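Here's the letter readout for the chains.
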Amino acid sequence: MVKVNHVPMGLIETPFHARLEPLSRAKSWTGWAGFISPLVLDTVEFEYFAIRNQTTLFDISPMHKYRVTGPDAAAVMNRLVTRDVTKIADGRVGYVMWCDEEGMLIDDGTLFRFSATDFRLCCQEPMLTWLLDTAWGFDAQVLDESDAIAGLSLQGPTSWSLLQDAGFAAAQNMKPFDWREVEPDIWISRTGFTGDLGYELWVPKAKALDLWDRLWAAGDHWGVRAIGFEALNLCRIEAGFVAAGVDFQPVHAVMRLHRGRTPIELGFGKMVHFDKGHFNGRRALLQHREAGARYTLAKIDIAGFKPANGALIYHRKKKEVGFVTSGVWSPTTKRNIALAELKAPYGIEIKDDLWAEIYVNEEGRWDKRLVPVTLQDKPFFINQRARATPPHPF
Amino acid sequence: MTDNRFDAVVIGAGHNGLTAAATLAQQGKSVCVLERADRIGGMSRSADLGGATLPEMAHLLYNLNPGVAKSLGLKIASRALPTVALCPAQQHVVIQGKTAQYANGDAHPDAAAYAALYQRLKTFAALLGQLAEGAPPALAGGMLNAKTLQEMMALGKLGLGLKRLGKVEMREFLRVILSNAYDLILDELSDGPLAGALAADAVRGAYAGPRSPGTVFSLMYRLGNGGDVTLPIGGMGAVAAAFADAATKQGVQIRTDVDIASLVIANDRVQGVLLSDGTTIHADAVLSSAGAMQTMQIAGIAHFDVEATRRMRHLRNKGTTAKVNLVLRNLPAFTGLTREQTAGRLLVAPSAVAVERAFNPAKYGGISKSPLIEAVIPTLTDTTLAPDGTHILSAIVSYVPHGLEGGWTDAARADLLDRVVQTLEAYAPGIGELITHSQVLSPADIETMTGAPGGHWHHAEMGIDQILTVRPANLMARYAFGVGGLYLCGASAHPGGDVMGAAGRNAAMQVIKDGVLR
Ligand SMILES: Cc1cc2nc3c(=O)[nH]c(=O)nc-3n(C[C@H](O)[C@H](O)[C@H](O)COP(=O)(O)OP(=O)(O)OC[C@H]3O[C@@H](n4cnc5c(N)ncnc54)[C@H](O)[C@@H]3O)c2cc1C
């Protein structure tokens, strides 16, 4: 083997690339945190319906993963995030958000609790220096595990059946947000980004391909498909999940003033635990709470079927009051759905008479339409199978 | 236990802590001062050595805030001293306010230029001095906010003052305010002891050479209260005692030898102080004159935002001043100086270039072979300080690094003493023979003795990135320090160090203004 002494140039292959590459018919790749990641492997439609009707594998290895350990690990995590991590039990996962001193969201992610002295944080944005700064002065170590740990997301109604056939019956009684070591070095969490039944599997990089092969071999019967980002993105919007850099701007990554948003403005006020003691941005968030939200991130239903990504939103067809941050046609609910940022009081006190401006191209000719917008308070896709424990076999 | 319940607790019985305590007490608040050392005074205390009372660290007054002195009714006797800029060629220059002449009475060729420069700096400094009288402006509340308007008024006064200077002078003020002392001085004066004296005054206590930006500001800072340099009668310890008296007269309790374990904080509000013997002292406000990071650590890092902690970690506070105190069996003879001149503030800073050069080794953990010295023989003015016939010489040595290469060993201290004595020998031959006792305090020793981060004169460098609205750091410049009821009141807060009292007074007034106390 040729020894490479230089820093690799361009995008890097993930531990699963050797399996993904031959499956790619679309040859549609993107860069994700420096790694090659599929946008689409076959067709978006095919992959989307596999998530909702069968089961799918999505390579989440590019996620940043950090291990925080030591006697003060819980204190460090509690200083970092807005919710109270002492309420997350060992062997549980929590969705978490963390803010800068002005209460503006830095990123969101999932926090895996091994024990009070051992946590793993998974997130989109690089966070090592921030975690090191957060842990400064505490008896805790921060380790960047991004490269060491490979992750696979197994999502869809038959995912439990596949797991069982692959020999992971131990996962049967796992509740949503449980996580455990089902075999030496193989950790499974009942988590995902689809709002459906699903799991995430975590292994050391060297064991990545073995895991893939094992799942793939058990999956034929359950309709397993490898998928790319685009199909997943449809599902996450249906589930009402927010994406960093899309529905909110991670405040460390922006240069313009006033691009930051508070968790409260993004609809996660319940995840801000003011009563747990100090955490980063707490004082600023209290002031924000006092002053009231400046914006709201709303789930909206848009008339018609033309996806409205980026559309401006008007009140009384006149006053510009916001824009769509993520908009798609939802194949399962057969609705034109979106997440949209609205400037207060729109979307909070004023919910009626809202319109989206949509551009349509009819055989080479652009036209503009104003279509009615309806606010939703629930995720667009909710299915009981996502939560059933033990999960339904198929 | 009523004994351990106060409206406010002050950490540190340096003059700023004592000022804060006295100011609060004057407003009818009950206050307790907790000092770690066995004595009050901090950097303004006296020490006993060989039967003499010497100013252990600070030795001269020039920035004592008149408002503080007046409102506390401080009784401090002090005598103005001339400055003597020593010249290796024995052409010493005696400076008194705006006049400069040779020690033998001859006119100095730069006398007129010096007078004009001094006068201008003093006028500018007086303008800046106004800013020391309160918290620096935040201007965060928007224009319709009463608080902001008040701040605008204060700034307006500065603006008005600037306007009154006239167009030319205003332009000059804005031109020089952020620039370096070296250029400013040498634009007007030829280089030599007179220029060296100004350059040395611009950088004493700083981790900066006269060519560093911001040193014009630090020169003006020194002149903010008129520029007169005075020697306190009874020693610097008498000054500290006067502050303490003012406090105790107002009912302030001062406790020394106290070891603070942590603050008691509940619901993001200070509740008091926990001592390491387990005692809790309850209070609604805690004002700390310990360093900014040290205060954060006492309170617990967990109570602060990550950004605030980061700023405190990165505060620049490399101490650069050492103190050498000598007890002499006889009065040393300084060649070419009268007894009266010998009693002055003696500066070894032969030129502005020499001052800049002396800084160089300090950047790399070394000490210049020709250290800068500000020496005074207080016993010539106040004979009560030492047994009959004996004298003390108090020397501030600049550009002595906190992080000396090889560490601060006894040998390193002896070497520093040797360099200082050798340097003085050039002006007062035989002085080394007269030494009966000596005390050498490195910046590291000063840190150990007072807790001042880096042993720094101002607890945090007075650079343009750490003054006014960003002192000690952005978002923490108005004394309030994160946790409700916690305030900074020492040199690391606006306006900064020196024996001045403004930081302590301003912090106390801010506590009152914020309505923290019932
Ligand atoms: C060598 C030297 C010479 C100087 N010469 C002059 C001069 O001639 N003229 C001049 O105007 N200025 C001079 N200065 C600067 C001046 O002395 C200081 O800026 C000023 O005294 C600072 O006052 P303070 O009250 O803010 O802090 P300090 O005087 O440093 O007092 C702080 C006090 O807090 C106490 N403390 C710290 N931590 C704790 C804790 N955890 N618990 C309890 N107590 C604590 C310390 O023991 C100390 O008593 C000199 C400084 C140095 C180092």
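For the structure, see preceding data.
Residues numbered from 1 in each chain as written. Chains lettered and ligands numbered in written order. Predicted model: local features only at pLDDT ≥ 70, side-chain atom pairs only at ≥ 80, totals over all residues. Heavy atoms only, no water.

Considering the site of the ligand
All names here are of chain B.
Item 1. Near the ligand lie 30 residues; those nearest to it are Asn16, Glu35, Leu60, Trp457 and Val499.
Item 2. Met43 places a polar main-chain atom, nitrogen or oxygen, 2.9 Å from an oxygen atom of the ligand.
Item 3. Alone, the ligand offers 1000 Å² of accessible surface; in the complex the protein occludes 98% of this.
Item 4. For the shell around the ligand, the secondary-structure elements that each account for two or more residues are helix 1 (15-26) and helix 15 (443-450).
Item 5. Looking at side-chain class alone, the shell around the ligand contains 15 nonpolar, 12 polar and 3 charged residues. (Near = heavy atom within 4 Å. Polar contact = N/O pair within 3.5 Å; in protein donor to acceptor, adjacent residues only side chain to side chain. Areas by Shrake-Rupley, 256 points an atom, 1.4 Å probe, with all protein chains shown as cover. Helix = DSSP H or I, 4+ residues; strand = E, 2+ residues; numbered from the N terminus. Nonpolar A, V, L, I, M, F, W, Y, C, P; charged D, E, K, R; others polar.)

Description of helix 10 (residues 292-299) of chain B
All names here are of chain B.
Item 1. With 6 of 8 residues buried, helix 10 lies mostly within the body of the structure.
Item 2. Buried within helix 10 we find Ala292, Met293, Thr295, Met296, Ile298 and Ala299.
Item 3. Here the buried face of helix 10 lies against strand 1 (8-11), strand 11 (260-266), strand 14 (285-288), helix 11 (306-313) and strand 20 (486-488). (Buried < 20%, exposed > 50% of the residue type's maximum accessible area, 1.4 Å probe, protein only. Contact = heavy atoms within 4.5 Å.)

What to know about the interface of chain B and chain A
Item 1. The interface is formed by 18 residues belonging to chain B together with 14 residues belonging to chain A.
Item 2. Approximately 1500 Å² of surface area, both sides summed, lies buried where chain B meets chain A, with 47% of it carried by carbon and sulfur atoms.
Item 3. Considering only the surface of chain B that becomes buried against chain A, Asp305, Val306 and Arg313 of chain B emerge as the three largest contributors, covering 39% of it.
Item 4. If you look at where chain B meets chain A, you find 5 salt bridges.
Item 5. Linking chain B with chain A are 13 residue pairs in polar contact (both at pLDDT 80 or more), by the criterion used here.
Item 6. If you list the elements that add at least two residues to the side of chain B that touches chain A, you get helix 10 and helix 11 of chain B.
Item 7. Examining the composition of the side of chain B that touches chain A, we find that 7 residues originate from one element, helix 11 of chain B, more than from any other. (Buried area = accessible area lost by both parts, 1.4 Å probe. Salt bridge = Lys/Arg side-chain N within 4 Å of Asp/Glu carboxyl O.)

Details of the sheet that holds strand 8 (residues 141-144) of chain A
Residue and element names in this part refer to chain A.
Item 1. Strand order in the open sheet formed by 5 strands is 5-6-7-4-8, with antiparallel pairing between adjacent strands. The outermost strands of the open sheet, each flanked by one partner alone, are strand 5 (92-99) and strand 8. Strand-to-strand twist in this sheet, taken as the mean axis angle between neighbours without regard to direction, amounts to 25 degrees.
Item 2. Where strand 4 (residues 64-69) lies against strand 8, 4 bridges are found, and the strand directions are antiparallel. Along strand 8, the bridge assignment pairs Tyr66 with Asp144.
Item 3. On top of the sheet, helix 3 (residues 73-80) reaches strand 4, strand 5, strand 6 (105-115) and strand 7 (118-123); it is set at about 30 degrees to strand 7, its chief contact. (Pairing = 2+ DSSP bridges. Axes fitted to C-alpha atoms, helices over the stretch in contact; angles between N-to-C directions.)

Geometry only, nothing functional implied.
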